[in-house]
Amino acid sequence: MLVAAFSMLKGRRVVGKGEAMAAHYAFGPHEDDAIIKHRLLTRTTTTRGEPPLKKLQKKFTSFAVEVEKNADNYNDCERLAKAFLQELTTFEIPLLKSKAIVDANVREKENFNELKDEINRQIVQVQAEIEDLKKELEASKIERKHKEECETIRKLIATQPPRSETEKMIAELEKEIAALEAEDLASSRLLELRKKQFSLLLHVVDELQVTIEDEQRNLIEEMKNLSEEQKVGPEDTSRGAEAMNID
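Remember, it's a predicted structure, so these values are computed and weren't measured experimentally.

**Some points on the overall build of the protein**
And then number 1: Each helix and strand counted, the protein has five helices and zero strands in total.
And then number 2: For the protein, the N- to C-terminal ordering of α and β elements is α-α-α-α-α.
And then number 3: Split into buried and exposed, the 247 residues of the protein put 5% on the buried side.
And then number 4: Partitioning the contacts of the protein with sequence separation of at least 6, the portion at a separation of at least 24 is 49%.
And then number 5: When the accessible surface of the protein is summed, it comes to about 22000 Å², and 59% of that surface belongs to carbon and sulfur atoms.

Laid out in structure tokens, this is it:
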């Protein structure tokens, strides 16, 4: 109730004469805290009547003044003492309640701090577990990928013929390769022979061509010589006839 009353006091409106209605706080936050602390210490509330501390002070003052008197006032002193003690008890009860509340709040704060530490520890632990689980997940993904690859290879192998058939095919292919190599070797030798024969043929053709050219040159020279001889023969005949006529 006290806190509610202070809250209502904080939010009260201050209205000036001729001013518009505007809501604002009567005190600042720091002033409010100081006022609340002072009222809690002095047990002062916003309700009517004297504050408890002031009433206690009055009871104590009345008792002290009565004790200082020299008159025979034992009964009055006893009555004032009882009234003071009663007022002190009345004043002490809220203090004990407040102390119990403070102790409970302290214990609650300690429990809260312990709970906070425990939660932080659990958070760190959970984060570490999450990191471990992430690593395990990555490892599981890699393992699963390897298993899928192995399964694919296994299926591919299952589609292949048996090993005996494969070895038989390999042996046949090796025979074919050997035959092809032998054929290639024979072809290479034949090709080499043909190259040699062709080279020999070219050499013979070259020699034949040279021989033909020589023969053609010789024939041409013989024809030239014969032609010259034919030219020289008639001249000698005419010279002989002229000599005979002269004789």
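**What to know about the packing of aromatic side chains**
And then number 1: This structure, assessed with the given rule, holds one aromatic pair.
And then number 2: On the numbers, 5.3 Å between centres and 50° between planes, the contact of Phe60 with Phe84 is tilted. Residue Phe60 is found in helix α3 (residues 52–68), and its partner Phe84 is found in helix α4 (residues 74–159); the two are separated by 24 residues along the sequence.
And then number 3: By relative accessible area, which is 45% here, Phe60 ends up partly exposed.
And then number 4: Note on Phe84: relative accessible area 16%, which makes it buried.

**Regarding the environment of Phe63**
And then number 1: Positionally, Phe63 belongs in helix α3.
And then number 2: Sequence separation between Phe63 and Lys82 is 19 residues, and the spatial gap between their C-alpha atoms is 9.4 Å.
And then number 3: Excluding anything up to four places from it in sequence, Phe63 contacts Cys77, Leu80 and Ala81.

**Brief notes about the packing of α3 against α4**
And then number 1: Their axes nearest at 9 Å, the elements α3 and α4 cross at an angle of 160°. Regarding the angle of α3 to α4, the classification is roughly antiparallel. As for the relative orientation of α3 and α4, their crossing is left-handed in sense. Contacts between α3 and α4 involve Pro52, Leu53, Lys55, Leu56, Lys59, Phe60, Ser62, Phe63, Glu66 and Val67 on the former and, on the latter, Asp76, Cys77, Leu80, Ala81, Ala83, Phe84, Glu87, Leu88 and Phe91.
And then number 2: Residue classes in the contact of α3 with α4 are distributed as 13 nonpolar, one polar and five charged.

**Quick look at the side chain of Glu87**
And then number 1: Following the sequence through the fold, Glu87 ends up in helix α4.
And then number 2: Aside from chain neighbours lying at most four places away, what touches Glu87 is Pro52, Lys55, Leu56 and Lys59.

**Describing a nonpolar patch on the surface**
And then number 1: Taken together, the side chains of Phe198, Leu201, Leu202 and Val205 present a nonpolar region at the surface, about 370 Å² in accessible area.
And then number 2: Locating Phe198 in the fold gives a position in helix α5 (residues 163–246).

**Re the confidence of the model for the protein**
In low-pLDDT segments, the atomic positions of the prediction should not be examined closely.
And then number 1: On average, residues of the protein score 78 in pLDDT, and 74% of them are at 70 or above.
And then number 2: The weakest mean pLDDT in the protein belongs to helix α1 (residues 2–10) at 37; the strongest belongs to α4 at 89.
And then number 3: Segment residues 1–25 is flagged for pLDDT under 50; beyond a separation of four residues in sequence, or across chains, it makes 22 contacts in the model.

Reading the values: rules and limits
- Residues numbered from 1 in each chain as written.
- Predicted model: local features only at pLDDT ≥ 70, side-chain atom pairs only at ≥ 80, totals over all residues.
- Heavy atoms only, no water.
- Helix = DSSP H or I, 4+ residues; strand = E, 2+ residues; numbered from the N terminus.
- Buried < 20%, exposed > 50% of the residue type's maximum accessible area, 1.4 Å probe, protein only.
- Contact = heavy atoms within 4.5 Å.
- Areas by Shrake-Rupley, 256 points an atom, 1.4 Å probe, with all protein chains shown as cover.
- Phe/Tyr/Trp six-rings, centres within 6.5 Å; stacked < 30°, edge-to-face > 60°.
- Axes fitted to C-alpha atoms, helices over the stretch in contact; angles between N-to-C directions.
- Parallel < 35°, antiparallel > 145°, perpendicular 65-115°, else oblique.
- Left-handed = near helix turned anticlockwise from the far one by under 90°.
- Nonpolar A, V, L, I, M, F, W, Y, C, P; charged D, E, K, R; others polar.
- Patch = residues over 30% accessible without salt bridge, like charges linked within 9 Å, V, L, I, M, F, W, Y side chains within 5 Å.
- Salt bridge = Lys/Arg side-chain N within 4 Å of Asp/Glu carboxyl O.
- pLDDT = per-residue confidence, 0-100.

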